[in-house]
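# An overview of the molecular structure
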Amino acid sequence: MGKIVKTFKSKKGNAVVVRYPTWEDLDDMHQYINELSREDTFLSVLGKKYSLEEEKEFLRTTIKNIEKGLMRHYAVFVNGTYAGNCEIERPKEHRQQHIGIPGISLRKKYRGEGIGKELFQMLIEEAKHMRLRLLKLTCFENNPLALRMYEQFGFTRVGVIPGAIAYKNGYVGEVIMYLPLV
């Protein structure tokens with residue numbers, strides 16, 4: 001673990017390093033997940049305070065799943081600071097092992113620098129190395145920036161489940177999208 005898989009410069013000239021997580025990242029990861037949870041953004045982790053023990057279990061499971069080849073999960077650092085993570089995970093169902101589910105999250109201050117796009121392109125390439133045939137994801141209907149990015153990468157909207165996501169004292173639709181890799 002800890003192997004660097006990609007380095008690049010953001011649009012603002014910040015140095016970005018993407019690598020596999022290590023146990024030394026635990027405190028940064030714990031701080032980060034709670035920061036994201038407090039931020040009212042387009043992620044499902046909101047509104048809960050995560051304990052160090054919960055984050056430890058997440059990291060333990062993540063490392064185990066990386067070693068089993070079920071996922072690729074990366075820690076993202078900007079100028080040496082933990083800035084987020086990205087992953088591609090196979091569903092647990094045996095008949096869906098050819099599918100990958102990508103995900104990216106970044107600290108607010110690093111959004112808009114092209115880092116997410118670079119990470120997403122990397123995840124698509126990783127999915128091909130994992131011999132996946134299809135990527136699928138869901139997105140908040142009211143997140144036009146993410147929807148536009150996914151469509152730029154070739155994802156197709158399958159449909160919207162109205163009111164599927166509780167968001168800001170209301171409900172928004174969940175957009176389902178896919179990208180064939182073969």
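Overview of the structure. (Residues numbered from 1 in each chain as written. Predicted model: local features only at pLDDT ≥ 70, side-chain atom pairs only at ≥ 80, totals over all residues. Heavy atoms only, no water.)

With that out of the way, let us pick up the pairing of strand 3 (residues 71-78). Counted residue by residue, strand 3 has seven buried out of eight residues, so it is predominantly covered. Strand direction decides the pairing type here: strand 2 (residues 15-19) and strand 3, joined by four bridges, are antiparallel. By the bridge assignment for strand 3, V16 is matched with V78. Relative to strand 4 (residues 81-89), strand 3 runs antiparallel, the two sharing eight bridges. Bridge pairing in strand 4 links H73 to E87. (Buried < 20%, exposed > 50% of the residue type's maximum accessible area, 1.4 Å probe, protein only. Helix = DSSP H or I, 4+ residues; strand = E, 2+ residues; numbered from the N terminus. Pairing = 2+ DSSP bridges.)

Glancing now at the sheet that holds strand 1 (residues 4-9). The eight strands lie next to each other as 1-2-3-4-5-6-8-7, forming an open sheet whose pairing is mixed. The open sheet has two edge strands with one neighbour each: strand 1 and strand 7 (156-167). The sheet shows a mean angle of 25° between the axes of neighbouring strands, direction not considered. Direction of pairing for strand 1 relative to strand 2: antiparallel, over a ladder of five bridges. Note that in strand 2 the partner of T7 across the bridge is V17. Across the sheet, helix 1 (residues 26-38) is in contact with strand 4 and strand 5 (99-106); its angle to strand 4 comes to roughly 80°. Together, strand 1, strand 2, strand 3, strand 4, strand 5, strand 6 (134-140) and strand 8 (170-180) form the strand contacts of helix 3 (residues 115-129), whose direction differs from that of strand 5 by roughly 160°. (Axes fitted to C-alpha atoms, helices over the stretch in contact; angles between N-to-C directions. Contact = heavy atoms within 4.5 Å.)

Below, the discussion takes up the packing of aromatic side chains. On inspection of all chains with the given rule, the structure shows eight aromatic pairs. On the basis of an interplanar angle of 55° and a centroid distance of 5.2 Å, the ring pair of F120 and F153 is categorised as tilted. With F120 in helix 3 and F153 in the loop between helix 4 (144-152) and strand 7, the pair connects residues that are 33 residues apart, well separated along the chain. Under the relative-accessibility criterion, F120 is labelled buried at 3%. (Phe/Tyr/Trp six-rings, centres within 6.5 Å; stacked < 30°, edge-to-face > 60°.)

Our focus in this paragraph is the packing of helix 1 against helix 2 (residues 52-67). Each pair of packed helices can be summarised by the angle the axes make with each other and by the distance between the axes. In the contact formed by helix 1 and helix 2, the axes pass within 10 Å of each other and the chain directions differ by 115°. Considered as vectors, helix 1 and helix 2 are oriented roughly perpendicular to each other. Pair helix 1 / helix 2 crosses with right-handed handedness. The residues of helix 2 that touch helix 1, namely those facing L26, D27, M29, H30 and I33, are L52, E55, K56, F58 and L59. (Parallel < 35°, antiparallel > 145°, perpendicular 65-115°, else oblique. Left-handed = near helix turned anticlockwise from the far one by under 90°.)

Volume-wise, the largest pocket comes out at about 1,700 Å³. Considering the residues around the largest pocket, the lining is formed by 46 residues, among which F42, L43, I104, S105 and Y150 are closest to the centre. Those elements giving two or more residues to the lining of the largest pocket turn out to be helix 1, helix 2, strand 4, strand 5, helix 3, strand 6 and helix 4. By residue class, the composition of the lining of the largest pocket is 24 nonpolar, twelve polar and ten charged. (1 Å grid on protein atoms, 1.4 Å probe; cavity = no way out; pocket = protein on both sides within 12 Å on 5 of 7 lines; lining within 4 Å. Points joined across faces, edges and corners; volume = space filled by probe spheres on them. Nonpolar A, V, L, I, M, F, W, Y, C, P; charged D, E, K, R; others polar.)

Before going further, it helps to examine helix 3. With 15 residues, helix 3 should cover 21 Å at 1.5 Å per step; its first-to-last C-alpha distance of 21 Å lies within 8% of that length. Turning to helix 3, its buried residues are I115, G116, L119, F120, M122, L123, I124, E126 and A127. Positive phi shows up at R131, right after helix 3, with a value of about 60°. (Expected span 1.5 Å × (residues − 1).)

Let's shift gears to the environment of L106. Mapped onto the secondary structure, L106 falls in strand 5. Residues L106 and C86, 20 residues apart in the sequence, show an inter-C-alpha distance of 8.6 Å. When near neighbours in sequence (up to four residues on either side) are disregarded, L106 contacts Y32, L36, V76, A83, G84, R111, I115, G116 and L119.

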